[in-house]
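Listed below are the residues making up each chain.
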Amino acid sequence: MTAAAEPIVGVASVVDGDTIEIHGQRIRLNGIDAPESRQLCLDAGGKKYRCGQKAALALSDFLDAHRPTSCVEVDRDRYRRAVAVCTAGGHDIAEWMVRQGHALDWPRYSDGAYAPAERDARAAERGMWAGSFARPWEWRADHDGAELIGITLRE
């Protein structure tokens with residue numbers, strides 16, 4: 001049996017809405033996906049905005065208010081970044097991002113762990129749920145270099 005890895009603890013800087021850096025190590029938040037920095041969404045009034053940038057800024061503000069950040073690695077991604085469950089101020093950072101509507105539960109990797117937070121954000125029309133957007137994983141798959149706006153159907 002192998003010993004559990006030591007948590008990575010420190011002041012985090014934000015790379016984007018689902019990736020942080022602590023002590024020079026990039027860490028992908030496990031189980032969620034936030035819009036890409038170039039990704040555009042539509043707000044409640046139908047106006048385009050940079051939802052990826054907004055997600056990153058919200059994460060930065062949250063981490064600044066809840067120091068330090070502690071991450072426990074659970075995997076490595078295809079880029080060899082640590083994939084981790086991270087907390088700050090006693091809060092699961094990924095859960096907070098999803099509940100605020102700045103990221104989505106990514107069932108492919110989360111097994112639905114953040115689905116309740118996503119339902120809550122959607123019902124309250126928080127963050128991206130106030131308007132329309134493409135799911136980040138779909139945006140990346142479909143993006144051809146042009147400015148794309150996707151629509152998430154409200155069920």
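All of these numbers come straight from a predicted model, not from anything done at the bench.

All right, on to the environment of Asp77 then. Residue position: Asp77 is located in the loop between β8 (69–76) and β9 (82–88). Judged by relative accessible area, which is 16%, Asp77 ranks as buried. Taking the C-alpha atoms as reference points, Asp77 and Ile27, 50 residues apart in sequence, are found 9.6 Å from one another. With near-sequence residues (within four places) excluded, Asp77 lies in contact with Arg28 and Val83. One polar contact links the side chain of Asp77 to the main-chain amide nitrogen of Tyr79, over a distance of 2.9 Å. Within the structure, the side chain of Asp77 is placed 2.6 Å from the side chain of Arg81, a separation counted as a polar contact.

Let us look at the packing of aromatic side chains. In this structure the tally under the stated criterion is four aromatic pairs. Here the aromatic rings of Phe62 and Trp96 are separated by 4.3 Å at their centres, their planes lie at 25°, and the arrangement is stacked. Of the two residues, Phe62 is situated in helix α1 (residues 51–65) and Trp96 in helix α2 (residues 93–99); the sequence distance between them amounts to 34 residues. Given a relative accessible area of 5%, Phe62 falls into the buried group. Both rings, one in Trp106 and one in Trp137, keep their centres 5.5 Å apart while their planes meet at 5°; by these two values the pair is stacked. Taken together, the residues Trp106 in the loop between β11 (104–105) and α3 (107–110) and Trp137 in helix α5 (residues 136–142) connect sequence positions 31 residues apart. Residue classification places Trp106 among the buried residues on the basis of a relative accessible area of 12%. A connected cluster of aromatic rings, assembled from ring pairs, spans Trp106, Tyr109 and Trp137. In this structure, Lys54 packs its charged tip against the face of Tyr49, placed 5.4 Å from the ring centre.

Within the largest apolar cluster, 24 residues are counted, with the highest numbers of intra-cluster contacts made by Ile20, Ile27, Ile32, Leu63, Cys71, Cys86 and Ile93. Those elements that place two or more of their residues in this core are β3 (19–22), β4 (25–29), α1, β9 and α2. In this structure Cys71 touches Pro7, Ile8, Ile20, Ile22, Ile27, Ala84, Val85 and Cys86, once residues within four positions along its chain are discounted. Judged by nonpolar contacts, the second largest core, of eight residues, contains Cys41, Cys51, Ala121 and Phe133.

Here the focus is the pairing of β9. Most of β9 sits inside the fold, with five of its seven residues counted as buried. The pairing of β4 with β9 spans three bridges and is parallel. Its bridge partner being in β9, Leu29 is matched across the sheet by Ala84. Between the end of β8 and the start of β9, which pair antiparallel, lie five residues, with Arg80 showing a positive phi angle near 70°. Looking at chain direction, β9 and strand β10 (residues 91–92) are connected through two bridges and run antiparallel. By the bridge assignment for β10, Ala88 is matched with His91. Linking β9 to β10, which pair antiparallel, is a turn of two residues; within it Gly89 sits at a positive phi near 60°.

The rules behind the values
- Position numbers for residues count from 1 along each chain, tracking the sequence in the order it is written.
- Per-residue local features of the predicted model are confined to residues with pLDDT of at least 70, and side-chain atom pairs are confined, for both listing and counting, to 80 or more; whole-chain, interface and lining totals are unaffected and use all residues.
- Excluded from the side-chain calculation are hydrogens and water; included are all heavy atoms of the structure.
- Counting from the N terminus, the helices are DSSP H or I runs at least four residues long and the strands are E runs at least two residues long.
- Residue exposure (1.4 Å probe, protein chains only): buried if accessible area is under 20% of the type maximum, exposed if over 50%, otherwise partly exposed.
- For this analysis, residues touch if any pair of their heavy atoms sits within 4.5 Å.
- In the analysis that follows, any N or O atom pair within 3.5 Å is treated as a polar contact, provided that within protein one partner can donate a hydrogen and the other can accept it, and provided that, for residues neighboring in sequence, both atoms belong to side chains.
- To pair, rings of Phe, Tyr and Trp, with the six-membered ring standing in for Trp, must have centres within 6.5 Å; the planes then decide the type, stacked if under 30 degrees apart, edge-to-face if over 60, and tilted in the middle.
- Note on criteria: charge over ring means Lys NZ or Arg CZ within 6 Å of the ring centre, with the direction from the centre no more than 35 degrees off the ring normal.
- Only buried residues count toward a nonpolar core. Its members are Ala, Val, Leu, Ile, Met, Phe, Trp, Tyr and Cys residues joined through side-chain atoms within 4.5 Å.
- Two strands are counted as paired when DSSP detects at least two bridges linking them.

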